[in-house]
Amino acid sequence: MTEKTSGPAPVAGKRARCVHRLMLATLLASVSGQACLAQSASPGSTISLDTIVVEGTANGVPSFVRERFFATAGGATLLTEDDIPQTGNPTLAQALQNAPGVVVQQFFGGNDQPRIQIRGSGLQQNPVERGILVLRDGLPLNRADGSYIVGLANPGQAQSIEVYRGQTAHRLGATVLGGALNFVSPTGSNAPGSKVQISGGSFGQFNASGQTGFAKDGVDGLLQADISRSDGYRTYNDSQRISASANVGIALSETIKTRFFVGYTDLGFDVSGPLTKQGLRLDPKQVHGGPRVVGGVAVDPGPNVLRDRPRREAKQFFIGNRTTAEYGPHLIDLGLGYTYTDDMFRFPMSSGVRVTKGGDLTAVARYAYKPVESAALPLFETTAQYVVGSAKRENYLNQDGVTGALFGQSDLDASTLSLYAGANIPVWQNITVSPALSYAYATRDNSDTYPYARRPTNAYNPASPYRLLPNGSVPTQSTTYSRSYAGWSPSLSASWRPDTNQILYAAVSRSFEPPTHDDLLATVNGTPNSSPGRPNPGAPMAAAAAFSTPDLKAQTATTLEGGWRGRHGSFSWDGVVYYSWVDKELLSLRDATGASLGAVNADKTRHFGVELGLGAQIFERLTGRLAYTYQDFRFVDDPVRGDNRIAGAPRHVIHATLQYQATEAWMLQAALRWNPEKTPVDNMNTLYADPYALFDLRTEYKLNERLTMFGEVTNLFDKTYAASTLIVDQARIDQAAFLPGTGRAFYAGLKATF
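Residues numbered from 1 in each chain as written. Predicted model: local features only at pLDDT ≥ 70, side-chain atom pairs only at ≥ 80, totals over all residues. Heavy atoms only, no water.

A. Summary view of the nonpolar core. In this structure, Leu96, Ile116, Ile161, Val163, Leu181 and Phe183 are the most contacted members of the largest nonpolar core, which totals 24 residues. Within the residue set of this core, elements represented by two or more residues are helix H3 (92-95), strand E6 (115-118), strand E7 (132-136), strand E9 (160-165) and strand E10 (179-184). With near-sequence residues (within four places) excluded, Ile161 lies in contact with Thr77, Leu78, Leu79, Ile84, Ala95, Leu96, Pro155, Asn182 and Phe183. If you look at the next biggest cluster of nonpolar residues, it comprises 15 residues, including Tyr481, Ala546, Leu552 and Leu586. (Core = buried A, V, L, I, M, F, W, Y, C linked by side-chain atoms within 4.5 Å. Buried < 20%, exposed > 50% of the residue type's maximum accessible area, 1.4 Å probe, protein only. Helix = DSSP H or I, 4+ residues; strand = E, 2+ residues; numbered from the N terminus. Contact = heavy atoms within 4.5 Å.)

And the structure:
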């Protein structure tokens, strides 16, 4: 691994370099596949049109795609429509609830903006904006620096979700420890006709969606749109998402197919923020009013949500193309995608208002060689992916919940080149050895374009938090930087299939994760009653930095894992055990008030985990399912934190479901969401979130072949609990760090197909 850091990045020539890099990327040629879903990212996948797929399908997913997931020597889960429940409150957490190893926690007061992490990657960000590669139809939604907005991933518009954990995501261009999620859209070939769904329920929840598709004479197309809005469980908890997308596939010849994609998402939600543990118990619907001064001492530190009105509004436009060519055992897949993102995040005043607007271009090429048609995996495959992007970022003061004076301005440029080559070599009696090698090169450049000699600050009187103090300012310190990161990630796995229904495997791998711009450029020295650069609200002219630009190293890890996947009769299982030795883990730290301290590299950490999925038909009409995740993430001989647990990672996450098919038309389901052990809020392990168990009930009734109605009750016993917490380095017992989960809620809906 090599890393390079230099001083100020020259503004002139940056755009020209981006163009040159893109021209180079478009010349790269290497890709993967066989006739399947164009949008799938499974090993060896391409385009499906109505006259192409001849194998059996289930919910639009060809059987050989399922077999490829089954044969993968590592953590991989395929979620189809059978695994994603029809619900009146469609969320990412519900869509991924049956995927072991994927931990999804409500973060912004019940909105569909969760904290999501795999194997602890990106865990400590508030909110999580890195650590997972998020794809739509095989093309990334992440920006060029690796960051993403989780609310732009819409499970309601996915026909299936592909989950890749750890080293299985390397072939997709992932430069992270955690893995990747690919949201696969339906097409006119596998979802012809039309579908309309409407649902709603408690706390002003309303959802409406529609979809229509066609396939004829080697051409198919599909259009879908949805809207979701909610008043929210808590005070100041409104949210809305509007999304539309379309794709068109064309068979240019018997061997060449192409598919075009376009999509738009408009997202907005209030951030109701954390409560103290006492406040959570007294009234989980309330929002925190900031610290109070009692006897001259500040208590209950945390953001003043009522005054600062934190909120996020993000829009993203997406357009792309995937073209595949199949020549006997050879398959080439070329992809090109572009996203434009307009993101406004109004943080509490300690961080201010962050506005980021910019575009990112992705070029990807994959090649697969599969000489034996019946083989589950290609003999050889290689991938080259290049993502380049630029954005303009502006930072403003938060003044009573509105945008105030400009105090920061930057031009951000990023690029990430990912190369992968791997083989699946049969060696002896159903034993396959799979060596692979990945290489990543990333650049992160920032030009500070703020034109003034001083940066403005504002503050409120801590004893009277709605009384504005005199405005101030601090000397401008340049935030310009130019960073580059490069690293190799080899892997080796071996698998054994004693029969067609079982696979046992072991793997060792390296991972490489460079920081994002959000890690490298952070606001600092703010408080709940003062803006960045003003650590003392009463000292308006005291010199202090408003930004931190730490010289971060890339996070690397060596992971050893083993697993057993199989099925026997009506019983199926998928279990993985892994242990990761992590160097320079990227941690985003906050102080006892929740204000940002910037990002740091930990020295040594280790991640140990178990990912287990079970399914069984218990009786003729009764089936059961279990997704269990165990996580034990710790510092290793840290001079300050010792061998403490890394904050924010629940040790046990259990989701269990029982489903009873009462009649051919009527289904009943009961589910348990269980976190049986307390979870540390801070890295010093002084404050913990309490364990909880939640019960849900759901039912579905088919009125006829075209109409289905459904209903559910979530959190049946109205349990008060913290769904997640802010993650801080050193907490206080009276700190506002607990994010309440939604109380008991009722939802119902109707789905029509024609």
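Back to the write-up after that little detour.
B. Region of the structure containing the side chain of Asn461. Along the chain, Asn461 turns up in strand E26 (residues 460-461). A distance of 2.9 Å separates the side chain of Asn461 from the backbone nitrogen of Ala463, its partner in a polar contact. (Polar contact = N/O pair within 3.5 Å; in protein donor to acceptor, adjacent residues only side chain to side chain.)

C. Highlighting the packing of aromatic side chains. Taken as a whole, this structure holds 14 aromatic pairs when the rule is applied. Look at Tyr367 and Phe380: their rings are 6.4 Å apart centre to centre, the planes differ by 55 degrees, and that puts the pair in the tilted class. With Tyr367 in strand E20 (residues 353-369) and Phe380 in strand E21 (residues 380-399), the pair connects residues that are 13 residues apart, well separated along the chain. Judged by its relative accessible area of 32%, Phe380 is partly exposed. When the ring of Phe407 is compared with that of Phe547, the centres are 5.5 Å apart and the planes differ by 25 degrees; the resulting orientation is stacked. Here the residue Phe407 occupies a position in strand E22 (residues 402-423), and Phe547 occupies one in strand E32 (residues 547-548), the gap between them amounting to 140 residues. Its relative accessible area of 1% is what places Phe407 among the buried residues. (Phe/Tyr/Trp six-rings, centres within 6.5 Å; stacked < 30°, edge-to-face > 60°.)

D. Focus on the confidence of the model for the chain. The share of residues in the chain with pLDDT of 70 or more is 90%, and the mean pLDDT across the chain is 89. Confidence, read as mean pLDDT per element, is least for helix H1 (residues 14-26) in the chain (39) and greatest for strand E25 (residues 454-457) (98). Counting contacts from residues 5-38, a segment whose pLDDT is below 50, to residues more than four positions away or on other chains yields 103 contacts. Note on residues 43-57: pLDDT under 50 across the span, and 66 contacts to partners over four residues away in sequence or across chains. (pLDDT = per-residue confidence, 0-100.)

E. Main features of the pairing of E21. Of all 20 residues in E21, 16 are buried, a share of seventy percent or more. In this sheet, E21 lies alongside E20 in antiparallel orientation, the contact comprising 17 bridges. Each bridged residue has a counterpart across the sheet, and for Asp360 the counterpart in E21 is Gly389. As paired elements, E21 and E22 share 19 bridges and run antiparallel to each other. (Pairing = 2+ DSSP bridges.)

F. Focus on the pattern of salt bridges. What the rule picks out here adds up to 39 salt bridges. Measuring nitrogen to oxygen at the nearest pair gives 2.8 Å for the salt bridge that ties Arg307 to Asp308. Judged by relative accessible area, which is 2%, Arg307 ranks as buried. Assessed through its relative accessible area of 1%, Asp308 is described here as buried. Among the ionic pairs, Asp333 bridges to Arg322, the shortest N-O distance being 2.5 Å. Here Asp333, found in strand E19 (residues 330-346), pairs with Arg322, found in strand E18 (residues 311-327); they are 11 residues apart in sequence, far enough to count as distant. When sorted by exposure, Asp333 lands in the same class as Arg322, which is buried. In the salt-bridge network here, residues are joined through shared partners; they are Arg606, Asp632, Arg634, Arg645, Arg651 and Glu677. (Salt bridge = Lys/Arg side-chain N within 4 Å of Asp/Glu carboxyl O.)

G. Summary view of the sheet that holds E7. Read from one edge to the other, the open sheet built from 5 strands follows the order E4-E9-E10-E7-E8, with strand pairing classed as mixed. What marks the edges here is a single partner per strand, and that holds for strand E4 (76-79) and strand E8 (139-140). Inspection of the sheet shows E7 paired to E8 by 2 bridges, in the antiparallel sense. If you follow Arg136 over to E8, its bridge partner there is Leu139.

H. Molecular detail of the environment of Val355. Examined against the element boundaries, Val355 turns out to sit in strand E20. Put simply, Val355 and Arg307 are 48 residues apart on the chain and 20 Å apart in space, counted from C-alpha to C-alpha. Beyond its immediate sequence surroundings of up to four residues, Val355 is in contact with Asp343, Met344, Lys392, Arg393, Glu394 and Tyr396.

I. Expanded view of helix H2 (residues 63-71). When H2 is considered as a whole, its buried residues turn out to be Phe64, Val65, Arg68, Phe69, Phe70 and Ala71. Buried residues along H2 sit against strand E3 (61-62), E4, E9, strand E30 (502-513) and strand E33 (555-568).

J. Expanded view of unusual backbone geometry. Unlike most non-glycine residues, Asp137 shows phi in positive territory, near 55 degrees. On the secondary structure map, Asp137 appears in the loop between E7 and E8. Among the residues examined, Asp137 registers a relative accessible area of 1% and is labelled buried. Phi is positive for Asn430, close to 65 degrees, though the residue is something other than glycine. A residue is classified by how much of its surface remains accessible, and Asn430, at 53% relative accessible area, is exposed.

K. View of the pairing of strand E29 (residues 481-496). Note: strand E24 (residues 431-448) against E29, 16 bridges, orientation antiparallel. Looking at E29, one finds that Ser434 is bridged to Ser493. As paired elements, E29 and E30 share 6 bridges and run antiparallel to each other. Residue Ser491 lies in a different strand from E30, and its bridge partner there is Ser509. The antiparallel pairing of E29 with E30 creates a hairpin that spans 5 residues between the two strands.

L. Molecular detail of the environment of Gly193. Secondary-structure assignment places Gly193 in strand E11 (residues 193-201). The spatial distance from the C-alpha of Gly193 to the C-alpha of Ala670 is 32 Å, given a sequence separation of 477 residues. Other than its neighbours up to four places away in sequence, Gly193 contacts Gln211, Thr212, Gly213 and Phe754.

M. Region of the structure containing the environment of Leu521. With respect to the helices and strands, Leu521 occurs in the loop between helix H6 (517-520) and strand E31 (522-523). Of the residues examined, Leu521 reaches a relative accessible area of 7% and is grouped as buried. Those residues in contact with Leu521 that lie beyond four places of it in its chain are Arg393, Ser410, Leu412, Asn446, Thr479, Tyr481, Phe547, Ser548 and Thr549.

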